Amino acid sequence: MKKRCGGRSNYTEEKKARVIPVVVRDVNWKIAPLAKLQALPKDGKAVMTWANKDTAWKNVSEGIQKVAEGISTAGTSRRRAR
């Protein structure tokens, strides 16, 4: 079994999985293996540091939705190309 963070690069580099880090607490995550990925909420600012936590979670959900729509669109394009 792969390690939680250490194994993610194989899947993301091979385009088998999408990993979206969600920063909930204010920690030094930028030194972790996930630092190369685009984190949510906006600019990787921890949810707990936002003045309005609901706005932070809305930002997270919108970011995930955008990625999911991109995957859906890409999948449709690949099926049409066959």
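Details of the structure are given in the entry above.
A brief report on the enclosed structure follows. (Residues numbered from 1 in each chain as written. Predicted model: local features only at pLDDT ≥ 70, side-chain atom pairs only at ≥ 80, totals over all residues. Heavy atoms only, no water.)

Counting five residues, the largest nonpolar core is built from Leu-40, Val-47, Trp-50, Ala-56 and Val-60. Apart from residues no more than four positions distant in its own chain, Leu-40 is found in contact with Ile-20, Pro-21, Val-22, Val-23, Asn-59, Val-60, Gly-63 and Ile-64. (Core = buried A, V, L, I, M, F, W, Y, C linked by side-chain atoms within 4.5 Å. Buried < 20%, exposed > 50% of the residue type's maximum accessible area, 1.4 Å probe, protein only. Contact = heavy atoms within 4.5 Å.)

On to the pattern of salt bridges, then. One pass over the structure, following the stated rule, counts one salt bridge. Salt-bridge contacts for Glu-62 lead to Lys-58; the nearest nitrogen and oxygen are separated by 3.7 Å. One end of the pair is Glu-62 and the other is Lys-58, both in helix α2 (residues 53–81) and four residues apart, which spans about a single turn. (Salt bridge = Lys/Arg side-chain N within 4 Å of Asp/Glu carboxyl O. Helix = DSSP H or I, 4+ residues; strand = E, 2+ residues; numbered from the N terminus.)

What follows concerns unusual backbone geometry. In this structure, Pro-41 follows Leu-40 across a cis peptide bond, with omega equal to -5°. Within the element layout of this structure, Pro-41 appears in the loop between α1 (8–13) and α2. A positive phi angle is found at Asp-43, which is not glycine, with a value near 60°. Position of Asp-43 among the secondary structure elements: in the loop between α1 and α2.

Here we take up the packing of aromatic side chains. Enumeration over the complete set of coordinates arrives at zero aromatic pairs. Against the face of Trp-50 rests Lys-45, its NZ or CZ located 5.6 Å from the ring centre. (Phe/Tyr/Trp six-rings, centres within 6.5 Å; stacked < 30°, edge-to-face > 60°. Lys NZ or Arg CZ within 6 Å of the ring centre and 35° of its normal.)

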